[in-house]
Every structure is written in C-alpha cells, then in structure tokens.
Amino acid sequence: MTIHIPTTPPSTLETTVEIRVRGCVQGVGFRPTVWQLANRLALVGEVLNDGEGVLIRATGPSERLESLIEQLKRDPPPLAQITDIEVRSGLAPLNRDGFTIVDSHPGATRTDIAVDAAICAACTEEILSQHQRRSGYALTNCTHCGPRLSIIRDMPYDRAATTMADFALCECCRAEYLDPGDRRFHAEPIACPACGPRVRLVALDGEPWLAGEDAIETRAESSLEAPIDEAAALIRQGQILAIKGLGGYQLACDATSSEVVERLRQLKHRPTRPLALMARDLEMVRRYCRLDDLEQQALCSAAAPIVLLERRRDEATGRPLAEALAPGLDRLGVMLPSTPLHVLLCQRLPFPIVMTSGNVSGEPQLIDDGRLGDRLSTIASHALTHDRAIARRIDDSLVQLAAGKVRMLRRARGYAPAPLPLPPGFEDISPGLALGPQQKATFCLVDSQRAILSPHQGDLDDATTLDDYERNLDDFLALYDHRPAWLACDTHPDYRTSAMARRMADDADLPLDAIGHHHAHIAACLADNGYPRDAAPVLGIALDGLGLGEDGSLWGGEFLLADYRHCQRLGSLKSVAMPGAGAASREPWRNLLAQLIAGPGLAALTQRHPSLGVLKRLNQKPIDTLTGMIDAGLNSPLASSCGRLFDAVAAALELCFDHQHHEGEAAMALEALAARALKSPQSRSSGAITPYSFALHRTQDGHRILDPAPMWTALFDDLADGKDTPLIAARFHLGLAQGLGEVVGDMLDDVVGNMQDDALDDNARRLSNTLNVEAVALSGGCFHNRTLLELTLDQLAPLPVRVLTHRQVPANDGGIALGQALIAAARRHPRASDQASDGPASAISTTSTTSSAPTTATVITATTASNNAQETGHVSGNSRTDHFPR
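Residues numbered from 1 in each chain as written. Predicted model: local features only at pLDDT ≥ 70, side-chain atom pairs only at ≥ 80, totals over all residues. Heavy atoms only, no water.

Enquirer: Would you explain the packing of aromatic side chains in this entry?
Expert: We describe a pair of aromatic rings using the distance from one ring centre to the other and the angle between the two ring planes. Overall, the coordinates contain eight aromatic pairs when judged by the stated rule. With 5.5 Å between their ring centres and 85° between their planes, Phe443 and Phe476 make a pair best called edge-to-face. Within this pair, whereas Phe443 is found in the loop between strand S18 (432-434) and strand S19 (444-446), its partner Phe476 is found in helix H12 (residues 463-479), the two being separated by 33 residues in sequence. Taken individually, Phe443 and Phe476 each receive the classification buried, so the pair is uniform in this respect. Taken together, the ring pairs in this structure connect Phe443, Tyr469, Phe476 and Tyr480 into an aromatic cluster. (Phe/Tyr/Trp six-rings, centres within 6.5 Å; stacked < 30°, edge-to-face > 60°. Helix = DSSP H or I, 4+ residues; strand = E, 2+ residues; numbered from the N terminus. Buried < 20%, exposed > 50% of the residue type's maximum accessible area, 1.4 Å probe, protein only.)

Enquirer: I tried to follow the pattern of salt bridges on my own but got confused; where do I start?
Expert: Side chains that carry opposite charge are capable of pairing whenever their charged atoms lie near each other. Throughout the structure, instances matching the rule amount to 53 salt bridges. One salt bridge in this structure joins Glu663 and Lys440, with 2.3 Å as the shortest N-O distance. Residue Glu663 is found in the loop between helix H20 (642-652) and helix H21 (665-677), and its partner Lys440 is found in the loop between S18 and S19; the two are separated by 223 residues along the sequence. Take Glu663: its relative accessible area is 29%, and that puts it in the partly exposed class. In this structure Lys440 comes out as buried when scored by relative accessible area, which is 17%. Across the pair Asp447 and Arg450 runs a salt bridge whose closest N-O atoms are separated by 2.6 Å. (Salt bridge = Lys/Arg side-chain N within 4 Å of Asp/Glu carboxyl O.)

Enquirer: How do you make sense of the nonpolar core when you look at a structure like this?
Expert: In a soluble, globular protein the nonpolar side chains are often hidden away together inside. With 70 residues, the main nonpolar core has Leu592, Trp712, Phe716, Phe732 and Leu736 as its most contacted residues. Among the elements that line this core, the one with the most residues is helix H24 (residues 725-753), at 12 residues. Residues contacting Phe732, with those up to four places away along its chain left out, are Leu645, Phe646, Val649, Leu670, Tyr692, Phe694 and Met711. Counting residues in each nonpolar core, the second largest holds 69 residues, with Leu201, Ala232, Leu477 and Leu487 among its members. (Core = buried A, V, L, I, M, F, W, Y, C linked by side-chain atoms within 4.5 Å. Contact = heavy atoms within 4.5 Å.)

Enquirer: Sorry if this is basic, but what is going on with the environment of Leu460 here?
Expert: Structurally, the position occupied by Leu460 is in the loop between strand S20 (450-453) and H12. Each C-alpha atom of the pair Leu460 and Arg496 lies 7.1 Å from the other, and the pair is 36 residues apart in sequence. In this structure, Leu460 is in contact with Pro437, Gln438, Ala441, Thr465, Leu466, Tyr469, Arg496 and Thr497, ignoring residues within four places of it in sequence.

Enquirer: What am I meant to see in the side chain of Ser135 here?
Expert: For Ser135, the position within the fold is in the loop between helix H3 (121-128) and helix H4 (171-178). A distance of 2.9 Å separates a polar side-chain atom of Ser135 from the backbone oxygen of Gln132. Discounting residues that sit within four places of it in the chain, Ser135 has contacts with Glu126, Ile127, Ser129, Gln130, Leu224 and Glu225. (Polar contact = N/O pair within 3.5 Å; in protein donor to acceptor, adjacent residues only side chain to side chain.)

The values are spatial; any link to function lies outside them.
Now the structure itself:
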C-alpha cells in the first residue's frame, strides 16, 4: 500500500485535505468506517464513492487528520484492500456542519470491485436465532458479508447499480441503512422478509413436492422457512436438488448415499471427476476429514473456498460417505456453507451434502432462472431458488495445502477479481488485455496500478462456455472502463482466444503480442511472487500437459532461462510420440506404448516378463498399427509432455488404462497411490524408498534431455516381483523429482559458472551476463500434484537459490493470462536497462502482430501446428478435429 502525505509541521490550526483512497474500497463498508472515525475525531467533511474509489474531504487539526489516515491504514473494514492513499492539503475550508456520507459521483472506473463474501458470524447467529427480525431469512447480509461482484451491474457500487435495485427498503431496513452505529450502515444488498427477495421451492419434474412422513412434519412450519424444510426433506428422501448459490446454481444431494451419488453422476454426465461436499460445520468436517490449522483457516475465511482435505478412513461416527464421491482418491473437496440459504439448509441435515456446479459437465454453471427447466430438469427434481438475480456467473474457488502453504487451484468466488499487485518495474505501462489460454481460461486486464485476473471461465472447447467467456470479457471491460492499448494471446494460432485476439486487434487497430505458453507460465509464477522486473533471470521448470513451444513443437516438460521479456530453452523431458494425437490425451495406454518404444522396447519387456498382465493387455491393442504410425510420423506428434509421462506410468499400473474421463484423472490416481506410500516423513528422507533412475543427456548443441527410459525396466521388474503399486508410484515421483533437481543443478553450473558453455546462445548469455541466477520458478499444472511439488522442493532445498512457487494464482493454465500480460507489457514498454543489454540478434521469441496478418514466426508456428495436430486439435487442411485436453 502506498501513502502520499505532504509534509506539514505539527499544528493545532485547522486545515482541509482531500484524501483519495484506492483499491477494493467500495461495497465493503469503507464509507461507514470513515464516517465513524471522522465523527470520533470531531472532523468536518464528507465521504463518497466515485470511479476511482473513495474520496474523503475533511477539515480539522492536522494531527487528527493524520490519525484518520493512520487508523484507516491500520484497521480497514474486513473486506477492504487499500492499495494507495493520496492526500492533497491546503484546500479551502469546508462550509458545513458535521461529517456526512454523500451520494456517489459517476466517472471513469479506476476502483476495484469487491469479491463476494461468505456469510459472517454475526449474520449466521442472527438467522439461527429465534427472536430476531431476520430469523430464518435466507438472504440476510451486512457490510461484512454477502454478494458483491455477483450482483453488480455498474459502477460506482450503489444499490441502484445492483440486482437489488428493484427491492425498495422497508422502514426498518432503511433505518439500519442510515444508522452509523449499525453494521448494515450503507450495506447496499440488505433486505429482510418484509422487503427483500423470497425463497421458494420449485418442482422441475412435475411430481408432487413431498410424500410420506416428511411432508406432514415440514408443512407445519412457518411459511418463511417452509421451502427450506421441504428441500431438506427431499434430500433426505434421496432427491437431487438445484440450489441457487452466490454465483450460480448448484446441484445438491445426500453425500452418504451411494445410489444417489451414482445417479447424479449418470444424469450430470460426470462419471469420475471428484464431487465437492458441503458440511454443516467444522465438527462435521472433522468427522470425515483430517484438518490442519491452515486448512481450517481457509475453510472459515470470507472466501469460503473448497479445500482439498485428507479423507478419514475411520468414520466411526455418523454415516459413511459414498465411495463414488472421489473414486480412487484419498482427498475430498470440502466447503462450509457460504450463504444464509446454505446455512439454513445444512442445519436441517445430519450428514454432508454433495454441492457441485449446476450444469451438465462441460457447460457453464447456470445463472438464469428462466432456464431452470431447460437446463436442470433432467438432473434435479426441484430447485430451491429465490428472486435476487445473479448478474454474472462465478464458480467456487478451490485450494489445497501443499508444502506448508495454502495454494490456489481454481481462482474464482471469494478471490477474483481482487486486484493483484504488479511487481516492481511495471509502474509506467499502458493499459493492456491478455486473453489467456484455451483450457481453464481466464483473461487479464492490466494497467500501471494492478492486474485484474478474471474468475475461472472454464474450457473453451464448449461453445456455450466460449459465449460466456466473451460476455464476461465485454462485461469486465465495461465495468472497469478499461480501454486496452495493446493485446496479448498464446502463440497457438488455433486457440479460440488467439482467434478472438486477432479479431479484436483488427477491429481496434491494436498491436498484438503472441506469447509462448511456457514462458507465460514462468512469468505468472514470477508475478505471483512479486519478482521485480529488473531482477536477475530465473531458471524455470514448466511441467504441464501440452502447449505450443516457441520452436513450433509440442512442449510440456521444460527447463527455461527466463525473465519477463525473454525466454531461452535449456532442456526438456525427452520428446516422445503421441500416437493418435488427441486420442493419446484420452487413452493412457497409447502413451505407455510410445514410452516403451522410445525406451527399453515393448518386445524386450514382453520377453523379459511374458506372464505380466499389463503387458498382455497392451499387446492386445493395435500395437503394429500404432508402431507404424510412430515410425512414419503419421498423426503422432512428438511432445516433451510431463502430463503424458504421468499417463504412461498410470497405465503401467493399470490406472485408467483404456480411457480417462476427465483431464488429469490418471495422474490424480497415480499421485494418490504415491501419497499413501510416502505418508510418513521417514519414507521421504531416510532412503526407505529408492527413486527410479532418469538419465540426463546432452545433445550436440547442449540441450539437456531428462530421459525416463532407464525407469521403465526397473518399474516392470517391480511389477513382475509383485511390488505394491503405491510403492511403484512413489518411486516414480521420487525419481522424477530427483531428475528435476539434477537438471537444475546442471543448469546452475552453466549459467552461474562457466559462461563459455556452447549451450547458451547470445540471449542466454545476455540474460545471465555473469549475474548470479537467484531463483528457480516452478509452474505448470503438474505442480498441482502436491506430492511432486513437495518432493521437488526437497530436491532443490540444498541449492543456493530461492525457489518460487504459486500461491495466489493457479500454477495451471488459470494463471497463463497474467503471465501473458506482464510479458507483453515488458516488451511493449522497454526500459533503458532492457535496451542497453539487448544484443543485435535475438533468438528468443518476441512474436508480435499488429493485424491479423501473421509475422513470419507466426506463419512457421501455424504450419507446424498443422503438421503436428496441436493441443486444441484444429488441424489445418483436415476435416477431422482432435482435442488435446490439458
């Protein structure tokens, strides 16, 4: 936070100042807090919202004015985030009595929009009390909690600019709204049963609402809570319900009923992807999961995300959870109630409930009440809904505890679009827009003050998700009054976001930078850690499924030397064919076959272990056809993909051997096995489990290759000897982490030590330039694997460098847009130090376009993508489309 206060000598004489407060300061109770402090300090003046944030005009002794600023800095409202306080002094005295809150002033939006916040403790106590005006009222909120982003239609943030505009305040609510001593003082979404939205239960299948004893019990309750009583009874009877949450509809059912959970999976077309749970309170969470202090803090925070927790297997008390919640996994995604409606519903249920997105898998979460019947009637029998409209969709956020820190896996409700501070050195950039990747899409608005990374948008292969992305992008540009001077996108020409960027560049005559996928991963990690623009370059490890490399080939296991402007590839995992291209991302056995062909050979292993079941199973596949495709380079692009290596090892253990139903399914199952074997600290540190060996080669031009070939013989020997699969999975994780550490050590020897190494081109020499490389950055979706992350950190700990990891921003493609934005900004706004250090030649990709006509580099990329059938599978000149899920 920056504070600019003119220096003035202490004085008891009155002076007048104008205090400009920027950041997330609207819709969070900031004006009431200022009012209370100003009156306590006997100041005269006013406070208002405008396009830049909060503006305070105050007259009083300088010491009291300084005290006001200091108290705002020290103790702001719980949901506020102050980024800047600027003070102008020497103004004319204010001709008024007292201190007042005045109407908002419209103007260009430069303030930040508050995130939606989970119900606070005071509101929870109020709705559960028997003697309060809002007892049982499911849309209760106050200054410290409730909807924000999900109901805003325009800025500045006032009730008239939200979906609550049609609900006029009753006399009691208005009195609270105008009472400075009330926690609902100027709380824009407040309401009560007399004047606010109402909850109702809607039948979606035409059947009677209730049958049996539950109907007799619940219909006797008050009309206010009757819909919630009946909804709880339906869930107890085994029904699936749609529930209207803060940012969209959710699907709920009994999490202890295997039959109901399986039915939900079938109707939602979600056969294996884990389902999130909602538990009534921490006591219920502890009944089913192990809970660390940091995990508890995350659960109970205002963001109220889904938290991945270790499942207890000693569920002695209460009904056991259905195994189908997370097949093959030992962790569950759990959240606490985030709205009053959730609280009231969960209080009526003695067991956790599934709480998953209200959609058919692959589609956006439903927010439109009018489409309930069309979209959810085939899944849910009823909808527990209300008439407060949702202005925009916001998914639930997802976090996990890994290596001692809570880390973001999906950034959405409760976190986005909270501003991300820019690292030092980006203070002079013009406004820009990065459109992000194809999968786990986000977009990023950036200016000289901060980056606004959008909430998670989903995978853009789905047409309705793409439409939703475009609507949300237009919405954010309007809400923030953001007018980009330049654009950025991925180098992959067939990403839908890349095509959109080219159209926008043409329409608005804006320059467009195409940013390397894995360079963007590393830049996002640097930004997440506030790594300065002018700091030494880092050694980056980017491990993911697939992304278009800067040489036009498929990358996914990369060792890079990078800063915000440049990126040099120093090494990679061994590139192995993907027979069938997109099919290899869906069918792990194909990757196993390709790895064995590239390693010890399938025939040799079959001869060595003729009775091994997995080899018999593999030999039943059309291996001759696929071997021929690989030999001919036909629809079998080479890829240095870490994700596909995980798929291959999983297939060897017969996990998802034939098919995986969702991205990462095989890798998640493999990690779960490894975690079981590595559960005790002794198993990691004492050498009780021996890592598999990876080979480190160098090509003639110095490129490092981390080759898993030696691992395969040892792994199949273990299988033939009947070793437990958790042990084998653990040996793989340990071996990969050890290999990563060996490559980093080798790179450090080159970059920090002998600068005559031929492996470094002119730009790599410029990047290192006898400076010590100070850090290693870990990014890419494979580092959401908690076991791999922690083992890699163990391997890097002895090295003389900092290790940078993701925390606020996902390591997967959800952070790509942030990385794109900062790379493009650094390139678009070179500094004197940048230009002085740049040599005349540049082998590092800085691809840019100013129209839809691609540069030479982009033409080469497009041609390569056509030949190799790239990740999104939009294959030029071929009517068939393959899909490469990340």
